[in-house]
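# Breakdown of the fold
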Amino acid sequence: MQLISASVMDVSLDKSMEKVQLPKGDNWSVHKFGGTCVGTSERIKNVAEIIVKDDSERKLVVVSAMSKVTDMMYDLIYKAQSRDDSYISAVDAVLEKHRLTALDLLDGDDLASFLSRLHHDINEIKEMLRAIYIAGHASELFSDIIVGHGELWSAQMLSSVVRKKGIDCKWMDTRDVLIVNPTSANQVDPDFVESEMRLEKWFFQNPSKTIVATGFIASTPQNIPTTLKRDGSDFSAAIMGALFRARQVTIWTDVDGVYSADPRKVAEAVILNQLSYQEAWEMSYFGANVLHPRTIIPVMQYGIPIVIRNIFNLSAPGTMICRPSVDENEGNQRLESPVKGFATIDNVALINVEGTGMAGVPGTASAIFSAVKDVGANVIMISQASSEHSVCFAVPEKEVEAVAEALQSRFRQALDAGRLSQVAVVPNCSILATVGQRMASTPGVSASLFSALAKANINIRAIAQGCSEYNITVVVKREDCIRALKAVHSRPQKGICYIQRTGDWDVDVIPRPMLLALRISSLFNNETVFVAALIILNIGSIITAPRAVVTMSNMSDMAVLKEDFNIDLRVMGITGSRTML
């Protein structure tokens, strides 16, 4: 009788779920707020205000743990397994941080409920840490359970604050919804089919137009708690965006968007208005502060744009990562620069495997990279001459010694016999990547890049470029990296433009064809400000030169040039027939 009743209940539940189907599509917008965004009670209030002001019909909000909390949780585990008794006081610090935040944000039943849950969680964490302390080892399961609590607490507090503003809001423990399969590379692959089924079931039980979900945490198919590893909250938002087929995923952070280069290294770096998925993928792989490459994968399938915005500067539109527009007219495509940005990776080393015995021998490259895999090293880039005489590749400098030893061991016989001449290590290197989707259809980009590096007296140690031409990668000395980055970012324009004018020089007329030609000939994207150095030749009496300088510096067109064409016009010299300034 119990089996029959259970079966009847399951059928009844399935029929009810058919009536309350999960709505999907453009009426959903997804927001992700990182730890900095919810770092204090005041910032959590600001996040709630942004959620309320979003006029989307339905909203899903993915939230990280409060700032520094994830690091604090990892520190608890490290201290416990090191048998450091201070882990007990460190747990109390975590409790106090969230207790004080809740007291500032919540009241009444919401406050009582949260504090009860908080104390219960802390007691469970103490029990797990005690077990780790005794064993002197933390299992992956215990670590994932402990570390994931920060997201649980921040999601509960934020959802309560949103409800206080009169919005119907539910919070979601994504361990009940997101199912992932761990891989051998310390990563996880989402199971979209199972996750979609669980999401529909969760929504049937918790229907709401505003949902606050935990980032970073998930479950395995066996319902074992796990995490999406570092940068997992961005990944959570992208997965949720794909599951809901959302109109847009907005990643809120503490920068105005994606920069054309690291602004700490290049003062002239600018915010990019738009990137393609592939461009963002390439720049993030090579160290740009964009997104983890895997974050882009779920949304690419459905063409869902990702927008990077600054929570501390709401007036900044941010950077949109999306599919390139297919309806651009040909003229706009010609004006768009082929290069979008530059990224660098420091602290790498080159390994060069060289020898005449490599040419035409099948399996040599396989043996090389099999040895690299055996020591668990990550290959960042590969370059090989068509003669097959040598293969060089870049690895993180901290891994180069182990890789070199593994290669020496694997190829000992070939080295002794002279088939391989050397396994050489070139330390203290950096990688500079030039990224742009239109480089493939634009002749001369590589020439411009290498010309800029040559004029800056930068020696290139290795080059790599895929046939897609989204990315041109060069390896340079570490001490040359910043100089190389500045050289290509502000690459001088090609050639010199001459304007011949008869009669008096009218300083109120800007030779726009010349300036636009300079703008188009730029290697770099036309969002950066190009400094145009102007020399006025043979203007007549040199006595009029000061007046010309003053007049040009005050022209109304100057502002238009900088606003419309991103050209900063500067008069660098004026010459007459006898004198030059």
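Please read all numbers here as calculations on a predicted model, not as lab measurements. (Residues numbered from 1 in each chain as written. Predicted model: local features only at pLDDT ≥ 70, side-chain atom pairs only at ≥ 80, totals over all residues. Heavy atoms only, no water.)

### Side note on the confidence of the model for the protein chain
Taken residue by residue, the protein chain gives an average pLDDT of 84. The fraction at 70 or more is 80%. When the criterion is pLDDT under 50, residues 328–335 qualifies, and its contacts beyond four places in sequence or with other chains add up to six contacts. Between residues 541–554, whose pLDDT stays under 50, and residues either more than four places distant or in other chains, the model counts 19 contacts. (pLDDT = per-residue confidence, 0-100. Contact = heavy atoms within 4.5 Å.)

### Let's talk about helix α17 (residues 481–489)
Every buried residue of α17 is accounted for by C481, A484, L485, A487, V488 and H489. Of the surrounding elements, those touching the buried residues of α17 are β13 (341–354), β16 (422–435), α16 (445–455) and β18 (471–477). (Buried < 20%, exposed > 50% of the residue type's maximum accessible area, 1.4 Å probe, protein only. Helix = DSSP H or I, 4+ residues; strand = E, 2+ residues; numbered from the N terminus.)

### Here's the deal with the sheet that holds β18
Reading across from one edge, β14-β15-β13-β16-β18-β17 is the order of the six strands in this open sheet, with antiparallel pairing throughout. The open sheet has two edge strands, β14 (381–384) and β17 (460–465), and neither has a second partner. Going from strand to strand, the sheet's axes swing by 30 degrees on average, the running direction of each strand aside. Direction of pairing for β13 relative to strand β15 (residues 390–396): antiparallel, over a ladder of seven bridges. If you follow E354 over to β15, its bridge partner there is S390. (Pairing = 2+ DSSP bridges. Axes fitted to C-alpha atoms, helices over the stretch in contact; angles between N-to-C directions.)

### Notes on the sheet that holds strand β12 (residues 319–322)
The strands that make up a sheet pair up through hydrogen bonds in the backbone, lying either parallel or antiparallel. One open sheet accounts for eight strands, arranged β3-β6-β2-β1-β9-β11-β12-β10; its pairing is mixed. Two strands lie at the open edges of the sheet, namely β3 (170–172) and β10 (274–276), each paired on one side alone. Sheet twist, expressed as the mean angle between neighbouring strand axes with direction ignored, is 20 degrees. The sheet contact formed by strand β1 (residues 28–33) and strand β2 (residues 58–63) spans six bridges and is parallel.

### Quick notes on the pairing of β13
Along β13, 11 of the 14 residues are buried, which leaves the element largely enclosed by surrounding structure. Two strands pair when backbone bridges link them, and β13 and β16 are joined in this way by 11 bridges, in the antiparallel orientation. In the strand pairing of β16, L350 is matched with V426.

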